[in-house]
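A structural walkthrough
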Amino acid sequence: MFKALLKKQLMELKEVYTPRSRKSKKKTGTKGFVILFAVLTVSISFSFVGMSFLFADAFLPLELDWVYFMMMAAIALVVSVVGSVFSAYSILYSAKDNEFLMAMPIPPATILSVRLIAVFLSGFLFECMALVPAIVVYAIRAGVKWYLLLQVVDLLWIGLLALVLTSLLGFLVGLVVVRARHKSLTTILVSLILLALYYFIYFRLNSFLQAIATNAAFIGESVSGKAKPVMWVSQAFTGNLWGFLLLAGTSVILMALTVLLLSRHFGKIAFTNKGVKKVAYVERPMKQKGVAAALLRREFVRFFQTPAYVLNCGLGILLSLALCVYALIRFDFLKTGLATLLGSLPPEFKNLLAFVPAVAAGFMGSMNVITAPSISLEGNSLWLLKCMPITSKQIFNAKQGLHLILNLPAVIPCCAIISALMGLNMWEGVVNVIYGVSLVAYTSAMGLYMGLKKPLLDWTNEAVPIKQSASVAITMFSAWALVLAESVGAYFLRNSFNAVPFLFVLPLALCALLNRHLYTRGEKEFMDL
Amino acid sequence: MLNISHLTKIYGSKKAVDDLSLRIRPGVIYGFIGHNGAGKTTTLKSCAGILNFENGEIEIAGVSIKKDPIFCKSQTAFLPDNPDIYGFMTGIQFLNFISDIYGIDASTRQKRIDKYSEMFELRDSLAQSVSSYSHGMKQKLAIISVLIREPKLVMMDEPFVGLDPIASHLLKGLMREICDKGGAIFFSTHVLEVAQKLCDEVAIIRQGKLIKNGSMEEIAGDAGLESVFLEMEGETQNV
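Let me sum up the structure you'll find in this document. (Residues numbered from 1 in each chain as written. Chains lettered and ligands numbered in written order. Predicted model: local features only at pLDDT ≥ 70, side-chain atom pairs only at ≥ 80, totals over all residues. Heavy atoms only, no water.)

All right, on to the overall build of chain B then. Regarding its fold elements, chain B presents 9 helices and 10 strands. In terms of overall dimensions, chain B is globule-like: its C-alpha atoms have a radius of gyration of 18 Å, near the 18 Å expected for 239 residues. Principal-axis analysis of the C-alpha atoms gives chain B an extent of 55 × 40 × 35 Å. Of all 239 residues assigned to chain B, the portion counted as buried reaches 57%. (Helix = DSSP H or I, 4+ residues; strand = E, 2+ residues; numbered from the N terminus. Rg over C-alpha atoms; globule rule 2.2 N^0.38 Å. Buried < 20%, exposed > 50% of the residue type's maximum accessible area, 1.4 Å probe, protein only.)

See below:
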């Protein structure tokens, strides 16, 4: 039974990353996506290499190897929890096949265990991004030891501990949401609180890490004196077999207890609507809208009624606006700071500085890939659009309209304010705003194009096309790659040609090409879905 | 009203519909009968403009669906067997959305929504999210969304599945009402008793091919539709 369920879960996961063309039923672009994913994973891992060296140089000379691993494992644990917590609730409780599976003679614990494996896999990936560099750096500084094998197996135990925390947080979100009257709003608020907490810790991380590095000996003494179990567990990484067994046992027991707790409340969270009260229908005067306005409104309603959509594709908008407000409040302070920082840069970078605001806003804006999961989200209700007397062009316009309406009011002021902070002149500010707008337009068209090419319509959980689909990942990375390529190109051309005022041309040209495809062949492709 | 000629639809190497020709006149309730996988849904979806087809022609009110799909879709309404409608909307939001798409003015839509939501006892639930609706409620909402448009041709795939007896009875009456006003109904069903009582004309399809079609009297005769259908199925299987 467990094997069959696991097979189903893995098939679902496989289908997400290797969507089939509906027409030919052939898999498309698997290799490219795997390569892209591997490149991204390795790139993120590199950011933990510096941190590992900082700790290794602080702890290893004092023979506090176990403290080094304690710190790195703790960081990996946090990264893993933060990386997977936002999807935990929807994966565990909001799957479409809940009723179907619960009607079968399958214990809730089995259903949950299989879903936990899906949460584990995403968390494990994040954990490895942080902990594998730590193991590699340790091998570089201390040499390859016999217990390298134990360190590799310990990845699994730390992954299980992260899964315990993630699933408990998902469970808490579930308990709150099940009692909430406005489920979408509550889910968004709870997630935002968790995110705010994460950023609070993140912005203090640097000074925290420095403090740890300078107080290495004190930390080692304190933990070994007052929290011996933590020391033993950390020694699982440094060849202590008893520590290894303790870590393994603790992880497995905590996981078992968590499965027990979650399975006892599974039905209550997955099927109860305590907070949903019957809303009486009150007749109000109706207004007629045009087709374009009706389709746009439909996109807006879907966006704001789907918490995973808001949190994953709209959070950058909120952050950009928050950044604008913060920059306006602390304008003078930031301007002085930036002037000092920019003054210390080598002269060859000076003429590229005018491009920085748009790059910053562009990176932030490219995180909001609202169009990319939009076609997949139509799911089983796609038939409605296809039998209406409307053209694919009108549907695409509405989808791109939502993207532009939500993104532009965040990206334009962001580019303008950063330009002002950097002391750029009016012309340079305008160039930046145009570049920011061109990137938003490119992301919009690319997202829709990829959504059309790699649709995922048979999902059982709406978080899947939003968080895990190839169309979202490819769109986001393509925007980053575009910004990076243009920055590098402008740098190499700096002596012969100032390319900065013309950088908007490439995103706009690509946007035009993509839209040309969408509004010609794309219309038929949409109807063929 | 609906003219299907030599329709062929292929999935991979399998012919789901094979050279099917049918003609549905205004004022007629036309039943479409066949076993599971016979090609009924594929035919209905092709007529609704949801599926493209390889060969043949479908004309609605004399206009080819391939040449002017927008006009054809504005004349028709399709109701699938399992209407997956937008769970992120409330019932009234969904009906307003449909009304906007079909250009129904404010006062007309108000009257029609009132009339049909009262009729199907869904009015009190219109402010609720569609995701909280039962299967039957979703089916009723989808039916109301069809009725408020007053289409000339209604195509329905197993329309009585999931409906309570009262709603079923109401729907049958409304189907006749649409035809009396000059519209046409084309629907698939497995319930042969309903088909025999309700339909003016009927077509039987097997493995994508039309086996028999004509008026109910011609097809069912004295033996009844069920006997004829089972006899034909037996004959086809023996061949």
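After that view of the structure, there is still more to cover.
Here we come to the side chain of S52 of chain A. All names here are of chain A. One can find S52 in helix 2 (residues 30–59). Using a relative accessible area of 0% as the deciding quantity, one classes S52 as buried. Each residue touching S52, except ones within four places of it in the same chain, is listed here: Y68, M72, P133, A134 and V137. (Contact = heavy atoms within 4.5 Å.)

Turning our attention to the interface of chain B and chain A. With 38 residues of chain B at the interface, the matching set in chain A holds 37 residues. In this structure, the salt-bridge partner of R123 of chain B is E283 of chain A, at a minimum N-O distance of 2.4 Å. Summed over the shared surface of chain B and chain A, the result is 9 residue pairs in polar contact (both at pLDDT 80 or more). Of all the secondary structure elements, the ones that give two or more residues to the side of chain B that touches chain A are helix 2 (69–75), helix 3 (91–101) and helix 4 (106–119) of chain B. Here the element with the most residues in the side of chain B that touches chain A is helix 3 of chain B; it accounts for 8 residues. (Salt bridge = Lys/Arg side-chain N within 4 Å of Asp/Glu carboxyl O. Polar contact = N/O pair within 3.5 Å; in protein donor to acceptor, adjacent residues only side chain to side chain.)

Moving on, we come to the side chain of R123 of chain B. Counting through the fold element by element, R123 of chain B comes out in the loop between helix 4 and helix 5 (135–147). At a separation of 2.4 Å, a polar atom in the side chain of R123 of chain B contacts the side chain of E283 of chain A. In this structure, R123 of chain B is in contact with Y281 and E283 of chain A together with D114, S117 and E118 of chain B, ignoring residues within four places of it in sequence.

With that settled, consider the pairing of strand 7 (residues 153–157) of chain B. Residues and elements named next belong to chain B. The element strand 7 is extensively covered by neighbouring structure, given that 5 of its 5 residues are classed as buried. With 4 bridges joining them, strand 6 (residues 76–79) and strand 7 adopt parallel strand pairing. Among the inter-strand pairings, F78 is bridged to a residue of strand 7, identified as M155. Sheet topology note: the strand 7/strand 8 (residues 184–188) ladder contains 5 bridges and is parallel. (Pairing = 2+ DSSP bridges.)

Further remarks concern the packing of aromatic side chains. Residues and elements named next belong to chain A. For the coordinates displayed, the defined rule picks out 21 aromatic pairs over all chains. Look at F120 and F124: their rings are 5.3 Å apart centre to centre, the planes differ by 20°, and that puts the pair in the stacked class. Taken together, the positions of F120 and F124, both in helix 5 (residues 108–142) and 4 residues apart, correspond to about one turn of that helix. Its relative accessible area of 14% is what places F120 among the buried residues. On the accessibility criterion, F124 (25% relative accessible area) is partly exposed. (Phe/Tyr/Trp six-rings, centres within 6.5 Å; stacked < 30°, edge-to-face > 60°.)

Attention shifts here to the pattern of salt bridges. Scanning all chains against the criterion turns up 19 salt bridges over all chains. As a salt-bridge pair, K399 of chain A and E299 of chain A come within 3.0 Å of each other at their nearest N and O atoms. You can see K399 of chain A sitting in helix 18 (residues 392–421) and its partner E299 of chain A sitting in helix 12 (residues 291–305), a full 100 residues away along the chain. Both residues of the pair, K399 of chain A and E299 of chain A, belong to the buried class. Here D200 of chain B and R176 of chain B are joined by a salt bridge, their closest N and O atoms 3.2 Å apart. With D200 of chain B in the loop between helix 7 (192–198) and strand 9 (201–206) and R176 of chain B in helix 6 (residues 165–180), this pair connects stretches of sequence that are 24 residues apart. Given a relative accessible area of 26%, D200 of chain B falls into the partly exposed group. Three or more residues joined by partner-sharing salt bridges are found here, namely R298, E299, R302, E378 and K399 of chain A.

Together, I253, L254, L257 and L260 of chain A make up an exposed nonpolar region whose accessible area comes to about 380 Å². Residue classification places I253 of chain A among the exposed residues on the basis of a relative accessible area of 53%. (Patch = residues over 30% accessible without salt bridge, like charges linked within 9 Å, V, L, I, M, F, W, Y side chains within 5 Å. Areas by Shrake-Rupley, 256 points an atom, 1.4 Å probe, with all protein chains shown as cover.)

Turning next to unusual backbone geometry. Residues and elements named next belong to chain B. Phi at H6 takes a positive value of approximately 55°, unusual for a residue other than glycine. If you trace the backbone, H6 turns up in strand 1 (residues 2–11). The backbone of E158 sits at a positive phi, close to 50°, despite the residue not being glycine. Along the chain, the position of E158 falls in the loop between strand 7 and helix 6.

Our focus in this paragraph is helix 11 (residues 241–271) of chain A. Residue and element names in this part refer to chain A. End to end, helix 11 covers 44 Å across 31 residues, agreeing with the expected 45 Å (1.5 Å per residue, within 8%). The axis of helix 11 is deflected most strongly, by about 50°, at H265. Taken together, the buried positions of helix 11 are G243, F244, L247, A248, S251, M255, T258, V259, L262, S263, F266 and I269. N-capping of helix 11 is provided by N240, with a side-chain oxygen placed 3.0 Å from the backbone N of W242. (Expected span 1.5 Å × (residues − 1). Bend = angle between axes of the 7 residues up to and from the residue.)

Residue and element names in this part refer to chain A. Helix 11 packs onto helix 5 with a crossing angle of 120° between their chain directions and a minimal axis gap of 9 Å. As the angle between them shows, helix 5 and helix 11 are arranged oblique. Like other packed secondary-structure pairs, helix 5 and helix 11 cross with a definite hand, here right-handed. On the side of helix 5, the interface is formed by P108, A109, I111, L112, S113, R115 and L116, while helix 11 contributes M255, V259, L262, S263 and F266. (Axes fitted to C-alpha atoms, helices over the stretch in contact; angles between N-to-C directions. Parallel < 35°, antiparallel > 145°, perpendicular 65-115°, else oblique. Left-handed = near helix turned anticlockwise from the far one by under 90°.)

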